[in-house]
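# Structure at a glance
One letter stands for each residue in the lines below.
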Amino acid sequence: MLLPIRPIAVSTAVLCFFALGIVGSLGGLSPYTCCQRAVLGAMITYVVTAGAVRAINAILTQAMIADRIRKETPGDSRS
């Protein structure tokens, strides 16, 4: 079963947004600067997470295909 890309990426981006917002406000940044950095960080996190989940899905799909081919190939006993 493949992983859902959008819900994982959105959840990670939201968590990153709030984490960056809290760190920025504790660091004494102005609210405008803090918000800009949090939004930029959330957008970058969304893109990176979506790419990572797509890569994981590709690896999982390739492994499932290889396993199915290995099971269906007659006369290939490597045990």
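Scroll up for the structure.
Since the model is a prediction, treat every value here as computed from it, not as a measurement. (Residues numbered from 1 in each chain as written. Predicted model: local features only at pLDDT ≥ 70, side-chain atom pairs only at ≥ 80, totals over all residues. Heavy atoms only, no water.)

### Quick look at helix H1 (residues 5-26)
Taking 1.5 Å per residue as the helical rise, H1 with its 22 residues ought to reach 32 Å, and the 32 Å between its terminal C-alpha atoms agrees with that figure. Within H1 the residues assigned to the buried category are Ala9, Ala13, Cys16, Gly21 and Gly24. For H1, the angular spread of the buried residues around the axis is 135 degrees, confining them to a single face. More than 90 degrees from the buried face of H1, the exposed residues found are Leu15, Phe18 and Leu26. Where H1 is buried, its residues meet helix H2 (31-72). In the segment just after H1, Gly28 is the residue with positive phi, at about 85 degrees. (Helix = DSSP H or I, 4+ residues; strand = E, 2+ residues; numbered from the N terminus. Expected span 1.5 Å × (residues − 1). Buried < 20%, exposed > 50% of the residue type's maximum accessible area, 1.4 Å probe, protein only. Arc of directions from axis to C-beta. Contact = heavy atoms within 4.5 Å.)

### A look at the packing of aromatic side chains
The description of an aromatic ring pair uses the distance of the two centres, along with the angle that the planes make with each other. Under the criterion given, the structure shown has one aromatic pair. A centroid spacing of 5.3 Å and a plane angle of 80 degrees characterise the contact between Phe17 and Phe18, whose relative ring orientation is edge-to-face. Classification of Phe17 by relative accessible area gives partly exposed; the value is 28%. (Phe/Tyr/Trp six-rings, centres within 6.5 Å; stacked < 30°, edge-to-face > 60°.)

### Focus on a nonpolar patch on the surface
Among the surface-exposed residues, Leu2, Leu3, Ile56, Leu60 and Met64 lie close enough to one another that they form a single nonpolar patch of about 400 Å² accessible area. By the element assignment, Leu60 lies in helix H2. Residue class for Leu60 comes out partly exposed when judged on its relative accessible area of 34%. (Patch = residues over 30% accessible without salt bridge, like charges linked within 9 Å, V, L, I, M, F, W, Y side chains within 5 Å. Areas by Shrake-Rupley, 256 points an atom, 1.4 Å probe, with all protein chains shown as cover. Salt bridge = Lys/Arg side-chain N within 4 Å of Asp/Glu carboxyl O.)

### Structural notes on the state of the cysteines
Counted by the stated rule, this structure contains zero disulfides. Cys16 forms no disulfide, and the closest cysteine sulfur to it belongs to Cys34, at a distance of 12 Å. Left unpaired, Cys35 is separated from the closest cysteine sulfur, that of Cys34, by 7.4 Å. Overall, the relative accessible area of 41% leaves Cys35 in the partly exposed class. (Disulfide = S-S within 2.5 Å.)

### Overview of the pattern of salt bridges
Summed over all chains, the structure comprises two salt bridges. Residue Asp67 pairs with Arg70 through a salt bridge whose shortest N-O separation is 2.6 Å. Of this pair, Asp67 and Arg70 both sit in helix H2, separated by three residues, roughly a single helical turn. For Asp67, a relative accessible area of 29% translates into the label partly exposed. When its relative accessible area of 53% is taken as the criterion, Arg70 is described as exposed. The closest approach of N and O atoms between Lys71 and Asp67, which form a salt bridge, is 3.5 Å. One end of the pair is Lys71 and the other is Asp67, both in helix H2 and four residues apart, which spans about a single turn. For Lys71, a relative accessible area of 60% translates into the label exposed. It is possible to trace a salt-bridge network through shared partners that takes in Asp67, Arg70 and Lys71.

Fair warning: the whole summary comes from geometry, so function is off the table for now.
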